[in-house]
Amino acid sequence: MKYRHIVLIVVLILLVDQVLKFWIKTNMTIAEQFPVISNWFFIHFIENEGMAYGLKFGGEFGKIALTLFRLIAVVIGFFYMKKLVKEQYHTGLLVCGALILAGAAGNLIDSMFYGLIFSESTRYEVAQFMPAGGGYGTFLHGNVVDMLYFPLFDGTFPTWVPFWGGEHFIFFRPVFNIADASISVGVITILLFQKRFLTRKTDGPDGAIETGAVVDDTQQVM
């Protein structure tokens, strides 16, 4: 796999992520939703001031720190991915790395620029792109746009369940975006296949290509 393939994956995911966010931002009000598939997949517009899946971190200072951390991580990530490609790591690891990098970059764009280029979204007004009076925030103070909502199961905890007995619950409650999903898929896949992925091709003593995996002494590496 070549480095340009990594860049292509990142660009494609960023394109899908940002086009969807732009459409949501300029066509929907906060908390507006519509069903996509029955009653278990909705487009539901919210804005997230902090981390993925609606989590927050440390107020105003935390938001700036998180945005700067994302920026540094994305810049380092591109250089690190180039190193992994050069060292011929497993294609699966490279693809997953590209997914994580694209997701981080997607949310970074929101945090850095959306406050500058959009007016505020409210429950009553749709945001305007490049408003005459300026955006709702400043550089590094944009909110991340979330919209994917999967309330797969809506029910009530049995009365015998400690603490939550009799309370209403929804699974899966968090609202997220394409960038969040890209990061999650990349991380989970690496964790599931780490033994296979965290190896690299090296030249064997006979000039053949080895993967770095552990091989039984009775087996010959081909």
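Look a little higher up for the structure.
Each residue is numbered by its place in its chain's sequence as written, counting from 1. Note on the predicted model: pLDDT of at least 70 is required for a residue's local features to be given, and 80 or more for side-chain atom pairs to be given and counted; whole-chain, interface and lining totals, by contrast, use all residues. The side-chain figures draw on all heavy atoms in the structure; neither hydrogens nor water molecules are used.

Participant: Can you lay out the pattern of salt bridges for me, pointing to particular residues and giving the numbers?
Facilitator: Each salt bridge in this description consists of a side-chain nitrogen of Lys or Arg and a carboxyl oxygen of Asp or Glu lying within 4 Å of one another. Considering all chains together, one arrives at four salt bridges under this definition. In this structure, K21 and D110 form a salt bridge, with 3.0 Å as the shortest nitrogen-oxygen distance. On the criterion of sequence distance, the pair formed by K21 in helix α1 (residues 3–27) and D110 in helix α3 (residues 91–117) is long-range, its members being 89 residues apart. With a relative accessible area of 0%, K21 lands in the buried category. Taking relative accessible area as the criterion, D110 reaches 0% and is therefore assigned buried. The residue E87 makes a salt bridge to K83 at a minimum N-O spacing of 3.1 Å. In this structure, a network of salt bridges that share partners links the residues D17, K21 and D110. Secondary structure counts use DSSP, requiring at least four H or I residues in a row for a helix and at least two E residues in a row for a strand, with both numbered from the N terminus. With a 1.4 Å probe rolled over the protein chains alone, any residue whose accessible area is under 20% of its type maximum counts as buried; one over 50% counts as exposed, and the rest are partly exposed.

Participant: Before we move on, could you go through a nonpolar patch on the surface and cite the residues and values that matter?
Facilitator: Only residues whose relative accessible area exceeds 30% and that form no salt bridge are eligible for patches; like-charged ones are grouped when within 9 Å, while nonpolar side chains (Val, Leu, Ile, Met, Phe, Trp, Tyr) are grouped when within 5 Å. Where accessible areas are quoted, they stem from the Shrake-Rupley method and a 1.4 Å probe; at the residue level, only the protein chains shown are allowed to cover. The grouping of W23, F34, V36, I37, W40, L152, F153 and F171 at the surface amounts to a nonpolar patch, some 770 Å² of accessible area in total. Residue position: F171 is located in strand β5 (residues 168–171). Relative accessible area serves as the criterion here: at 49%, F171 is assigned to the partly exposed category.

Participant: If you had to explain the environment of I188 to someone new, which residues and values would you point to?
Facilitator: Counting through the fold element by element, I188 comes out in helix α4 (residues 178–192). For the pair I188 and C96, spaced 92 residues apart in sequence, the C-alpha to C-alpha distance is 9.0 Å.

Participant: Account for the packing of aromatic side chains, naming residues and giving values.
Facilitator: Centres within 6.5 Å make a pair out of two Phe, Tyr or Trp rings, where for Trp the six-membered ring is used; the pair is then stacked when the planes are under 30 degrees apart, edge-to-face when over 60, and tilted otherwise. Enumeration over the complete set of coordinates arrives at 14 aromatic pairs. Their ring planes at 50° and their centres at 6.0 Å tell us that F113 and F139 sit as a pair that is tilted. Note that F113 is positioned in helix α3 and F139 in the loop between α3 and β3 (144–149), a separation of 26 residues in sequence. The class of F139 is partly exposed, set by a relative accessible area of 41%. Members of the aromatic cluster, connected to one another through ring pairs, are W40, F41, F150, F172 and F176.

Participant: Now, about the layout of surface pockets: what can you tell me, with residues and values included?
Facilitator: Here a cavity is any set of points on a 1 Å grid over the protein atoms alone where a 1.4 Å probe fits but cannot get out, and a pocket is any open set with protein on both sides within 12 Å along at least 5 of 7 lines; a residue lines the site when it has an atom within 4 Å of a point. Grid points are joined across faces, edges and corners, and a volume is the space filled by probe spheres set on the points. As a volume, the largest pocket reaches approximately 470 Å³. Lining the largest pocket are 21 residues; nearest its centre among them are A73, I100, L101, A104 and I183. Elements with a contribution of two residues or more to the lining of the largest pocket: α2 (59–86), α3 and α4. A total of 10 residues in the lining of the largest pocket trace back to one element, the largest contributor, which is α2. Note on residue classes: Ala, Val, Leu, Ile, Met, Phe, Trp, Tyr, Cys and Pro are nonpolar, Asp, Glu, Lys and Arg are charged, and everything else, Gly too, is polar. For the lining of the largest pocket, the class distribution of residues is 16 nonpolar, three polar and two charged.

Participant: Tell me about unusual backbone geometry, and please be specific about residues and values.
Facilitator: The backbone phi angle of Q88 is positive, close to 60°, even though this residue is not glycine. You can see Q88 is positioned in the loop between α2 and α3. Classification of Q88 by relative accessible area gives partly exposed; the value is 42%. Located in the positive-phi region is L140, a residue other than glycine, with phi close to 80°. By the secondary structure assignment, L140 is in the loop between α3 and β3. Accessibility expressed as a relative area gives 13% for L140, which makes it buried.

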